[in-house]
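Below, each chain spelled out in residue letters.
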Amino acid sequence: MSTTIVVLYHSSHGSVAAMAHEIAESVEYQGATALLRTFEKREPHDIVISKDDLIQCDGLAFGTPTRFGMMAAQAKAFWETTSDIWLKGQLIDKPACVFSSSSSMHGGNEATLLNLSLPLLHHGMMLLGVPYEVPELLATQTGGTPYGASHVAGSQNSAQLSKDEIKICQSVGQRLVKITRKLQ
């Protein structure tokens, strides 16, 4: 049985896109199909998410930069259009995870990860965090939380992920595929 994971993101300065690509590569490495989707076409290769993408996927990784501890407006606007699939329960029991990026260590990543989780929980999705068996979670001096993968871009808005952030993103993709397959 094939496994399809949608990696849905918004990225302003490239760090969330870098995280999405790490997660997608990890999904593909596990032999699953990763569909990278965005909320708006910013680059020529971007594919904008459709509700059908969500309905047909087996699992979801969802990320945006932090906006004062909340998801980006582009993501919120999309989720506000999904009442029809919510009413039909079309995302119930699908596994999902979240990821985010901020400019500083205390820039709101954890609050944003919790905020990203809310529409997923309302849709009945099963939220996956990052377990402490991932050694980089305890070692990181940059991003990474038990709520989901995160990145600290710094005052220069660096899209360069740290080694620990990369490993945490990879572990998120691996866990998402593992749990999705158990549920299929």
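What you are looking at is a predicted structure, and each value in this text was computed from that prediction instead of being measured.

Regarding its fold elements, the chain presents seven helices and six strands. Helices and strands appear in the chain in the N-to-C order β-α-β-α-β-α-α-β-α-β-α-β-α. Here the chain has a C-alpha radius of gyration of 15 Å; the compact-globule value for 184 residues is 16 Å, and the two agree. Structurally, the chain occupies a C-alpha span of about 45 × 30 × 30 Å along its principal axes. Out of the 184 residues belonging to the chain, those deemed buried represent 50%. Long-range pairs, those at least 24 residues apart, make up 74% of the contacts in the chain with a sequence separation of at least 6. A total of about 8900 Å² of accessible surface is found on the chain, and carbon and sulfur atoms cover 54% of it. With 14 positive and 17 negative side-chain charges, the chain shows a spacing of 3 Å between the two charge centroids.

Turning to the pairing of strand β1 (residues 4-9), a few remarks are in order. Most of β1 is tucked away, with six of its six residues classed as buried. Of the two faces of β1, the one lined by Thr4, Val6 and Leu8 and the one lined by Ile5, Val7 and Tyr9 are each fully buried. Bridge count between β1 and strand β2 (residues 33-38): six bridges; the pairing is parallel. Paired with Leu8 across the two strands is Arg37, which belongs to β2. Once you follow β1 into helix α1 (residues 15-29) and on to β2, the crossover reads as right-handed. Sheet analysis places β1 next to strand β3 (residues 59-65), joined by five bridges and oriented parallel. Counted as the bridge partner of Val6 is Leu60 from β3.

The next thing to look at is the nonpolar core. Membership of the largest hydrophobic core comes to 26 residues, with the highest contact counts inside it found for Val7, Ile23, Val27, Ala61, Phe99 and Ala149. Where this core is concerned, the elements lending two or more residues are β1, α1, β4 (95-102) and α7 (163-183). Other than its neighbours up to four places away in sequence, Ala149 contacts Met19, Val98, Phe99, Ser100, Leu113, Val130, Ile168, Cys169 and Val172. Counting residues in hydrophobic clusters, the runner-up holds 20 residues, among them Val6, Leu54, Leu60 and Met71.

On to the UniProt feature "domain: Flavodoxin-like" (unreviewed entry) in the chain, then. Residues annotated in UniProt with the feature "domain: Flavodoxin-like" (unreviewed entry) correspond here to residues 5-177. A distance of 8 Å separates the end C-alpha atoms of residues 5-177, which is 39% helix and 18% strand.

A few words now on the pairing of β4. Here is the key point about a regular strand: its side chains alternate between the two faces of the sheet. By the criterion of burial, β4 is predominantly enclosed, with eight of the eight residues buried. Across the two faces of β4 the burial is the same, with Pro95, Cys97, Phe99 and Ser101 and Ala96, Val98, Ser100 and Ser102 all buried. Inspection of the sheet shows β3 paired to β4 by six bridges, in the parallel sense. Within the sheet, the bridge partner assigned to Thr64 lies in β4 and is Ser100. With two bridges joining them, β4 and strand β5 (residues 126-127) adopt parallel strand pairing. Counted as the bridge partner of Pro95 is Met126 from β5. Across four bridges, β4 lies against strand β6 (residues 149-152) in parallel orientation. Bridging across to β6, Ser101 finds its partner in His151.

Reading the values: rules and limits
- Residues numbered from 1 in each chain as written.
- Predicted model: local features only at pLDDT ≥ 70, side-chain atom pairs only at ≥ 80, totals over all residues.
- Heavy atoms only, no water.
- Helix = DSSP H or I, 4+ residues; strand = E, 2+ residues; numbered from the N terminus.
- Rg over C-alpha atoms; globule rule 2.2 N^0.38 Å.
- Buried < 20%, exposed > 50% of the residue type's maximum accessible area, 1.4 Å probe, protein only.
- Contact = heavy atoms within 4.5 Å.
- Areas by Shrake-Rupley, 256 points an atom, 1.4 Å probe, with all protein chains shown as cover.
- Lys, Arg positive; Asp, Glu negative; His and termini not counted.
- Charge placed at Lys NZ, Arg CZ, Asp CG, Glu CD.
- Pairing = 2+ DSSP bridges.
- Right-handed = clockwise from strand over helix to strand, strands pointing away.
- Core = buried A, V, L, I, M, F, W, Y, C linked by side-chain atoms within 4.5 Å.
- UniProt positions renumbered as here; feature names shortened; annotations may be inferred.

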